[in-house]
Each structure stands twice: as C-alpha cells, then as structure tokens.
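Residue strings, one per chain:
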Amino acid sequence: MIRDLAVGQYFPANSVLHRTDARVKILNLLITIIFIFYTMNYFSLFIALIYVFLMMYLSNIPMKLYMKNFKIILFFTIFTGLLNLFDDRGKVIFEFGFLKITDAGINNSIFVCSRVTSLVILASIFTFTTLPTDLTDAVEKLLKPFAFININISEIAMMMTIAIRFIPTLIEEVEKIINAQKSRGADFENKNLFVKIRALMSIVVPLLESSFKRAYDLATAMESRCYRGAENRTRMRILKFKMIDLFSIFLTLIFIFGVVYCNMKFPATVK
Amino acid sequence: MEKLIDINNVNFKYNDGNYILSDINLIINRGEFVSLLGSNGSGKSTLSKLCNAMLMPTHGSVTVDGLNTIDNKEKYNIRCKVGLVQQNPDNQIVAATVEEDVAFGPENLQLSPEEIRKRVDDSLKSVGMYKYKDSSIYKLSGGEKQKVAISGIVAMQPECIILDEPTSMLDPKSRKDVLDTIIKLNKEQKIAIILVTHYMDEAVLADKVVMMDKGRILIQGTPKEVFSNVELLKEHKFTLPEVTELTEILRNNRCDLPRGIYDEDEFILSLKSIVGGRECL
Amino acid sequence: MSLIEIRNLSYIYSKDTNCPKTALSNINIDIYDNEIIGIIGHTGSGKSTLVQHFNGLLKPTSGGIYINGLDIWKNPKKIRDIRFKVGLVFQYPEYQIFEDTVYKDIAFGPCNMNLGPNEIQNRVIESIRMVGLPFSILDKSPFELSGGEKRKVAIAGVMAMKPNVIVLDEPTAGLDPLSRKNFIENLKTYHSREKNTIVIVSHNMEDIVEISDRVLVMNNGRVEMFDRTKDIFSNGDVLMRIGLDVPKITKIMFKLSNEGYRVKRDVFSVKDGAEEILNLFRCDGGLND
C-alpha cells in the first residue's frame, strides 16, 4: 500500500541498531552510501556487501520486510542493470546481431545492481529502526551548527514531525475524495483537457478545504496542550551518545578502511 | 463542594458578529461530571473554549481555580488545569506514534525526561492504551485514537478535561469504550469532566446536565431535575431520552409514574410498583 | 425481477501482496425495486466494502453483481454509466463539495451525464427542494454554509443524477437528534415521490427501524441475516451476540417481557410501546381512575 511506503516504516524491535543514536545513524548512512559508490573492484564490493548483511543481521528486522521494499525497486534495478550491460569497451563475450555484451558490461551491471540494492537496503534499515520523531530530532541537532543562517531549526523539525504524522491521513483522504467524485461520474480518464482539469479540481479543492480545517483543529489542540514555540520544550527521549554508538561508528570506520584499502591494493574492475 | 471553574455572567461574540453566548452562569466543581447538551450551533463548543482560555469572554469573567482567563500570563497555567479533547481524533494528534504524541503536552511543560516518561506511561495505562505505546497513529481505530488524545491530556495532570463531542465520529462500540474511559478517569482520578454531546444516553451519566439553546443556558441541574421539565425541553425542540418520553405518554394516560425518569431500570422498577410484579393474564 | 442481484460475491483486499485480507465472502442478496434497505453491522463487518461494489467502485474478486439483470462488469469501460444508475453518498459527504456555488456543485453529476442545460437546471432545483433547502441557497458559496446545510447540498448533488438506487453511508453521523429526525423524514418523502430504491447504512438503530423495509445484517464479511425489519429486531439475541444493538424502546420491551409482563417484543416506536404498557393496565385493572 502507498500508505506503508510513504512513512510509518518504523518497525518496533529491540536491536543494536534501534538503540543507536539517530544522529549517528544518519551520518553512518550518508558516509556508507558514498563509499558503496566508491567500490572499484570485487574485493571492496565484497566488503560493502558484508557490511550490508551485517547491518541487516543487527537490525533484527524480519527478512520479508526487506523483500517488500526490494520488490518495489526490482524493476528499476533490472532496468539500470540492463542499461549498463551494453558497454562497447572490453572483451566481447557474447554477440547477437548488433548487440554486443562485453566483460566490462557484465562487471558494470553487477556493480550497479549491487550498489543500488545496498543503497535501498541501508535506507530501509534506517527507516525501519528509527522513530520518525527521533529522525526529526536528529536532523534538528545536526543542523544546529547552521543556525547562524537565521533559520529556526526547531520549528522546521516540528513541521517535519507534523508532516510525517499527516501524510498517511492525507493519502487516505485523497482516496476517499476520488471515490466520492467518481460516484458523481467524475471522469479521470477523459482525454479532454478541460474535463481533466475539472476532475482534478474536484479533488484539490476539497483536499485543501479539509486540510485547512485540520490545520485549524491541530493549532487549537497544540495551543491547548501548552505549545509555545518549538524552542520552549524539553524532550522525553534524549539523544545521548552511548557505547553502542561508538560500536556503530567503529563498524563504519572498519568498512571505510576496508573499501579504501581494497581499492588501493587491487586493480579497479570498473571505472 | 469546592468550585473549580466559575463562569460569571458571560457574554461572547467574535469581533463584529452577533452574540454567540449570552448571560452564561455556570459553576463546575472539583471532580464533577457535567454534560453540555444542545443542538448544532447552540454555542456549546464556544463555551467549552472559554473554559481553557482559548477564547476570552466579551463581558463577564471566567475563572479557573481562582485564575482569571483574561490574565495573559496565567494562560498556560489555566491550560494545564483544563485540557481540551476535540471531535475529530485525527486532527488533534501531533506525532506519528502513540507515546510520542502523549509526550507532546508534558514536553511543552518543560518537564524532565524522567518525569515525562513516567507521566506518559501512567496516563497510557489509565486509558488502557499502554500496549499500543509504540504503535503508529494511522494504524489505530477512531476510538483508539480518541483514547490517545485523552491520554495526551491526562499526561498534563489536569483538574478538568473538556471533551467536545468526542464520540460523534465513532461507531457504537468505540463510543462505549471511550465513554467508559472518561467515566473511569472521573471516578478514579477525580478529574472533573465537561462532556459536550448530542447523545442523551451519554448526557444522563453526568452529575449535572446543562441544556443550551441559542447561546443561552436553558436549564441546568441533576438529570432528574432537568428531565422533569418535559414541557420546557419539548418547547425548545429537545429530543427526550426514549424512556423519559415513554413515561410522559404513560403519565398523560393517567399512570402514576414519577417525573424525570431517564433510566430504563428505574422505569421498570417504577412500573412494577404500580402494576405489581404479577403476570397479567 | 430483482433490481440489484449479487451472486457469490467475494472481495479480497491487497490480493497481490503477501498479506491479503478477505473483506467479503460469498455474498448472495437480491434488492427489489422501490425498497428501502437498511444495512447494519459493526465497523469492519464489510458494509462499506459491500456498498462500494454497488456502483462499481470496487470490482469483486469473484462472483458477480447484476443491475436489472445485466452484469455491471461485462464491459469495464462502461462502468461510469453504472454510477449514474446507482448513486453513492459517502460518509461525511460535505467534504466532496468543490465548486464555487451551490448550484454548480449540485450540477456536477448531471453535467457528467452530458444532459442538456434545461434538464440540468430542472434537476438542480428539484433536488435542492428534496433535501429541504431554500432556493436562495443556490447562488451562495458552499463554504458559507453550516455543516448540516453542506451535507444536504452534497446529498442533493447525488439525487440530481436521478439514480434508480441511492446508497447512503451513515448519512446522519454527527447530526443532532432533531436534524437526524428531520433528515429521515425528508428521505421518506423523497422516496415516496421518486419511487426509487434506497440503501441506507447506519449505526443508529432508531434510524434503521424508522425507515427500512428490510434489514441486511453484516458480520465478519458475511451476511448474517437479511429479512423484514420487524423480524430482524425481534431477533434481538442474535443482534446482541454479534455486538449490535436494538432500538432503545425495543430494549425496554425486552426487559419488561423478561420480567414476565405480557408485552410484545417487536415494538419499535415509543408510541407503540406506551400502547402495549397501557394494555397491561387495562386487563390488570390497575389504572388509577
């Protein structure tokens, strides 16, 4: 379902990764993604894959959830894989008419597919193991040094929290409005531009109206729960640097070292 | 009884509109359960927002535990004492998971993390939602969401909770569940309740019933007192509880039943006393 | 011949994923012309899923649905025509209003039917009268109206399509008791004038008893009972077993009957209830003359 895809991917469990500080997880994610795309030969790729599998193991998330996310990008992965297969450099291994498949093409293909898959899995691990509020908290903390550019980061984090909360609600609402307008004969498949725009308006206007109502109610609710600006709050969960975070950083460092070392030690397979 | 909220001669209108509320005098005592009845647009919701300083009276005064709502620096103290739960459960939940949302109020009160944790756990337990504490909001039913909203207020440890038609969007089963939760909070934690509702069967559960019509209080008193005034209520087009209406028809047909019956069992007992328990052959 | 015929209908949500949920299983019902059908069942019993099959918003996973004997899914491209035959009013329909005047919004359905301008005008005027709103409202913006008025406008928008069947999902949710009563009265008048078929889904047993000829009871995606209103509600035990209620006055009569009083159990209005109890006095001689 779209709703599951949008957000709310968090999967409650008690694992090393669940307990790791969200700031550390964000930084780890960014760095490992960069280095996964920096893998140049099968040795470094192998290290990257080990890292990914280790993370999956540490996340304590059922395999079928990963499969679900993987299925969504399966087409994209195959497509980019195929695209990379045709590379006219290198030794021709297989020839069929004008189609030439070379060893470089096969290598490219393998690398691209593994990188994309790893990327998706690492991102999934992150969303599975991180509460949305922890994510926004972490973003807020990480952006603190940039406060000098005169943006209220706490307010932005608050907005993110609310956005995450309301995305599934709004998706549900859109589905409802579409069904209601279809019941009045709204024609969403018509080729005529005018009919199309009118049908679209019949979704957008009610959605806006109900969103204003929601915003008004939410403002009332927040105010009556003593909200007075995002800065004047304490937090129930405090992001604290723990031993487990050190462990997590240590793993990432080993991974970086491994990738860089193999890249230098062995010849590059892909450009 | 010690009074908690004192609404004294209040009139209210928005800037240049007509008066929405006129001559309102109402006292809510500590730990009291008050229900507020009236048709759509009778001013019930406006009145409830006056009680927690979301709106200020145009004339007259509203005091909460001795604090005047017009006093801007007491605004947040008043809102801690009087919490508000609205009609649509979806529109008042701020965070994506249950416990994060319940923590929102206490976080605004700038309590310590340990204190917030304790309050969140306690309040989730008190509404029976503790086992859902890590759940995503969108996976809950309407009734469960409404209980999370109530829990979010309870975590602020209020003296009084105003619930503005909290069950009108729920199915009968969830309605009962939410209502039981409200009654439990009133009985066990002695939190005063102001329940704004359309449902007669909910209203009669209260210690005090306040009937509103066109911005005025028509009548207030115990359910018995209020439902004894059948003519007045009918004149103002209130729908009576079925059992009250039944009693009224029977009384008009010279049956010797007391006035102001609103409870089925009471009705049956009263009927027994005049027909006798014996089987009619 | 029945107007709506449902044969062996089953519906499974998210069929292609790894967590399919059966929402409806093996439904067989017939709805006839000029009937008012009430549908009851608790949340998740499949009522809303079922009514979305009536106008082809959902396609049955298996089984069929026939209107006037024709399979509505025979030609999937023509499914829009079914929506003009079976009008569906969703819960809280006030949120579907989008035009800048009430007139235009009510005309949206008829416009989609490609009717002529005169016909559209007639239908708009007729349906605003049906829901009991003044003509003066037609030029107003829907956003100036009260919640109750907006709901009536939304319902008028479906009535203006003059469907053979109109399906209303919880039309009285959130209304105060007086508006609720007025709404049901209005709907009865509409029915006697239009002589069409009405299907009403509601949690409010008083509404259902007041208006329906027959009642369909849904439970766990199946038809639990489908019978005349009287027979359904005198079967109170079955309803209560599946977590549904009977009208309050009926409950009082049940209680009296269980106490040994000779009263009928199929009483659905306060007036009839009072009459039954007065009869007790008559034969008992206990009336205080």
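Preceding block: the structure.
Residues numbered from 1 in each chain as written. Chains lettered and ligands numbered in written order. Predicted model: local features only at pLDDT ≥ 70, side-chain atom pairs only at ≥ 80, totals over all residues. Heavy atoms only, no water.

## Considering the overall build of chain B
Helix and strand content of chain B: 11 helices and 10 strands. The globule rule puts the C-alpha radius of gyration for 281 residues at 19 Å, and the 21 Å found for chain B is close to it. The C-alpha extent of chain B, read off along each of the three principal axes, is 70 × 45 × 35 Å. Within chain B, contacts between residues separated by at least 24 positions form 62% of all contacts whose residues are at least 6 apart in sequence. Looking at chain B, you have 35 positive and 42 negative side-chain charges, and the mean spots of the two groups are 1 Å apart. (Helix = DSSP H or I, 4+ residues; strand = E, 2+ residues; numbered from the N terminus. Rg over C-alpha atoms; globule rule 2.2 N^0.38 Å. Contact = heavy atoms within 4.5 Å. Lys, Arg positive; Asp, Glu negative; His and termini not counted. Charge placed at Lys NZ, Arg CZ, Asp CG, Glu CD.)

## With respect to the overall build of chain A
On a plain count of helices and strands, chain A comes out with 10 helices and 2 strands. Listing each helix as α and each strand as β along chain A from the N terminus yields α-α-α-α-α-β-β-α-α-α-α-α. Against the compact-globule benchmark of 18 Å for 271 residues, chain A has a radius of gyration of 24 Å, which places it well outside the compact range. For the C-alpha atoms alone, the extent of chain A along its principal axes is close to 65 × 60 × 40 Å. Total accessible area on chain A is roughly 14,700 Å²; 73% of this is exposed by carbon and sulfur atoms. (Areas by Shrake-Rupley, 256 points an atom, 1.4 Å probe, with all protein chains shown as cover.)

## Quick look at the pattern of salt bridges
Summed over the entire model, instances satisfying the criterion amount to 54 salt bridges over all chains. With its nearest N and O atoms 2.5 Å apart, the salt bridge here joins C:Glu35 to C:Arg214. With C:Glu35 in the loop between β2 (21–31) and β3 (36–40) and C:Arg214 in strand β9 (residues 214–219), this residue pair connects regions lying 179 residues apart in the sequence. Judged by its relative accessible area of 10%, C:Glu35 falls in the buried class. The network of salt bridges with shared partners includes A:Arg237, B:Glu99, B:Glu100, B:Arg117 and B:Asp121. (Salt bridge = Lys/Arg side-chain N within 4 Å of Asp/Glu carboxyl O. Buried < 20%, exposed > 50% of the residue type's maximum accessible area, 1.4 Å probe, protein only.)

## Looking at the interface of chain B and chain A
With 41 residues of chain B at the interface, the matching set in chain A holds 37 residues. With both sides pooled, the region where chain B packs onto chain A buries about 3,500 Å², and carbon together with sulfur makes up 54% of that total. Viewed at the interface, chain A and chain B are joined by 6 salt bridges. Residue A:Glu223 pairs with B:Arg79 through a salt bridge whose shortest N-O separation is 3.5 Å. The tally of links between chain B and chain A comes to 20 residue pairs in polar contact (both at pLDDT 80 or more). Counting only elements with at least two residues in the side of chain B that touches chain A, the list comes to α2 (75–81), α3 (98–108), α4 (113–126) and α5 (142–154) of chain B. The leading source of residues in the side of chain B that touches chain A is α3(B), at 10 residues. When the residues that make up the side of chain B that touches chain A are grouped by side-chain class, the tally is 21 nonpolar, 11 polar and 9 charged. (Buried area = accessible area lost by both parts, 1.4 Å probe. Polar contact = N/O pair within 3.5 Å; in protein donor to acceptor, adjacent residues only side chain to side chain. Nonpolar A, V, L, I, M, F, W, Y, C, P; charged D, E, K, R; others polar.)

## A few points about the sheet that holds strand β9 (residues 208–213) of chain B
Residues and elements named next belong to chain B. As summarised here, the arrangement of the 6 strands in space is β6-β7-β8-β3-β9-β10, forming an open sheet in which the pairing is mixed. Edge positions in the sheet fall to β6 (82–85) and β10 (216–221), since each has one partner strand and no second. Taken pair by pair, the neighbouring strands of this sheet meet at an average axis angle of 15°, ignoring direction. Direction of pairing for β6 relative to strand β7 (residues 160–164): parallel, over a ladder of 4 bridges. Residue pairing across strands places Val 85 opposite Leu 163, the latter belonging to β7. Contacting β6 and β7, α5 crosses the sheet at an angle of about 165° to β6. (Pairing = 2+ DSSP bridges. Axes fitted to C-alpha atoms, helices over the stretch in contact; angles between N-to-C directions.)

## Quick look at the interface of chain C and chain B
Counting from both sides, the interface comprises 34 residues of chain C and, opposite them, 35 residues of chain B. Both faces combined, the contact of chain C with chain B buries some 3,400 Å², and carbon together with sulfur accounts for 63% of it. Taken together, the links from chain C to chain B amount to 3 salt bridges. A salt bridge links B:Glu264 to C:Lys255; the nearest nitrogen and oxygen atoms lie 2.9 Å apart. For the pair chain C and chain B, the number of links is 5 residue pairs in polar contact (both at pLDDT 80 or more).

## Regarding the nonpolar core
Residue and element names in this part refer to chain B. Of all hydrophobic cores here, the largest spans 36 residues; its most connected members are Val 148, Ile 150, Ile 161, Leu 163 and Ile 182. For this core, the secondary structure elements donating two or more residues are α3, α4, α5, β7, α6 (172–189) and β8 (192–197). It is α5 that provides the largest number of residues to this core, a total of 5 residues. With sequence-adjacent residues up to four places away left out, Leu 163 is seen in contact with Val 85, Ile 150, Ile 182, Ile 193, Ile 194, Leu 195 and Val 196. (Core = buried A, V, L, I, M, F, W, Y, C linked by side-chain atoms within 4.5 Å.)

## A word on the state of the cysteines
Residues and elements named next belong to chain B. Per the stated rule, a full pass over the model turns up 0 disulfides over all chains. This cysteine, Cys 160, is not joined by any disulfide, and Cys 51 carries the nearest cysteine sulfur, 7.1 Å off. For Cys 160, a relative accessible area of 0% corresponds to the buried category. (Disulfide = S-S within 2.5 Å.)

## Quick notes on a nonpolar patch on the surface
Residues and elements named next belong to chain A. Taken together, the side chains of Tyr 42, Phe 86, Ile 93, Phe 94, Phe 96, Phe 98, Leu 99, Ile 106 and Ile 110 define a hydrophobic patch exposed on the protein surface, amounting to about 940 Å² of accessible area. When contributions to the nonpolar patch are tallied by element, the ones reaching two or more residues are β1 (92–96) and α6 (103–129). Ranked by residue count, the leading element in the nonpolar patch is β1, at 3 residues. Structurally, the position occupied by Phe 98 is in the loop between β1 and β2 (99–102). Residue classification places Phe 98 among the exposed residues on the basis of a relative accessible area of 77%. (Patch = residues over 30% accessible without salt bridge, like charges linked within 9 Å, V, L, I, M, F, W, Y side chains within 5 Å.)

## Regarding the packing of helix α4 (residues 117–130) of chain C against helix α6 (residues 177–194) of chain C
Residue and element names in this part refer to chain C. One can describe the packing of α4 onto α6 by two numbers: an axis separation of 10 Å at closest approach and a directional angle of 135°. The orientation of α4 with respect to α6, classified from their angle, is oblique. Together, Glu 126, Arg 129 and Met 130 of α4 and Asn 186, Tyr 190, Arg 193 and Glu 194 of α6 make up the contact between the two elements. When its residues are assigned to classes, the contact of α4 with α6 shows 2 nonpolar, 1 polar and 4 charged. (Parallel < 35°, antiparallel > 145°, perpendicular 65-115°, else oblique.)

## Observations regarding the environment of C:Val270
Locating C:Val270 in the fold gives a position in helix α11 (residues 270–284). Through-space distance from the C-alpha of C:Val270 to that of C:Ile249 is 6.1 Å; in sequence the pair is 21 residues apart.

## A short note on helix α7 (residues 132–143) of chain A
Under the 1.5 Å per step criterion, the end-to-end length of α7(A) is 17 Å for 12 residues, consistent within 8% with the ideal 16 Å. Of the residues making up α7(A), those classed as buried are A:Pro132, A:Thr133, A:Asp134, A:Thr136, A:Asp137, A:Ala138 and A:Glu140. Where α7(A) is buried, its residues contact α3 (22–36) and α8 (153–183) of chain A together with α3 of chain B. (Expected span 1.5 Å × (residues − 1).)

## Here we look at the pairing of strand β8 (residues 197–201) of chain C
Residue and element names in this part refer to chain C. Most of β8 is tucked away, with 5 of its 5 residues classed as buried. A two-sided burial pattern is seen for β8, the buried positions comprising Thr 197, Val 199 and Val 201 on one face and Ile 198 and Ile 200 on the other. Pairing geometry for strand β7 (residues 165–169) and β8, over 5 bridges, is parallel. Along β8, the bridge assignment pairs Leu 168 with Ile 200. A crossover links β7 with its parallel partner β8, the connecting element being α6, and its sense is right-handed. (Right-handed = clockwise from strand over helix to strand, strands pointing away.)

## A word on the packing of α5(B) against α6(B)
Residues and elements named next belong to chain B. Contact pair α5 / α6: the axes reach a minimum separation of 9 Å and the direction vectors enclose 20°. One finds that α5 runs roughly parallel with respect to α6. Seen along the crossing, α5 lies across α6 with a hand that is right-handed. Contact residues: Gly 143, Gln 146, Lys 147, Ile 150 and Val 154 in α5; Ser 174, Asp 177, Val 178, Thr 181, Ile 182, Leu 185 and Gln 189 in α6. Residues belonging to the contact of α5 with α6 are distributed by class as follows: 5 nonpolar, 5 polar and 2 charged. (Left-handed = near helix turned anticlockwise from the far one by under 90°.)

## A look at helix α10 (residues 243–265) of chain A
Residues and elements named next belong to chain A. For α10, with 23 residues, the first-to-last C-alpha span of 32 Å sits near the 33 Å given by 1.5 Å per residue. By the burial criterion, the buried members of α10 are Ile 244, Asp 245, Ser 248, Leu 251, Thr 252, Phe 255, Ile 256, Gly 258, Val 259, Cys 262 and Asn 263. The inward-facing, buried residues of α10 abut α2 (16–19), α3 and α4 (42–59).

Everything listed here is a matter of geometry and, on its own, says nothing about what the molecule does.
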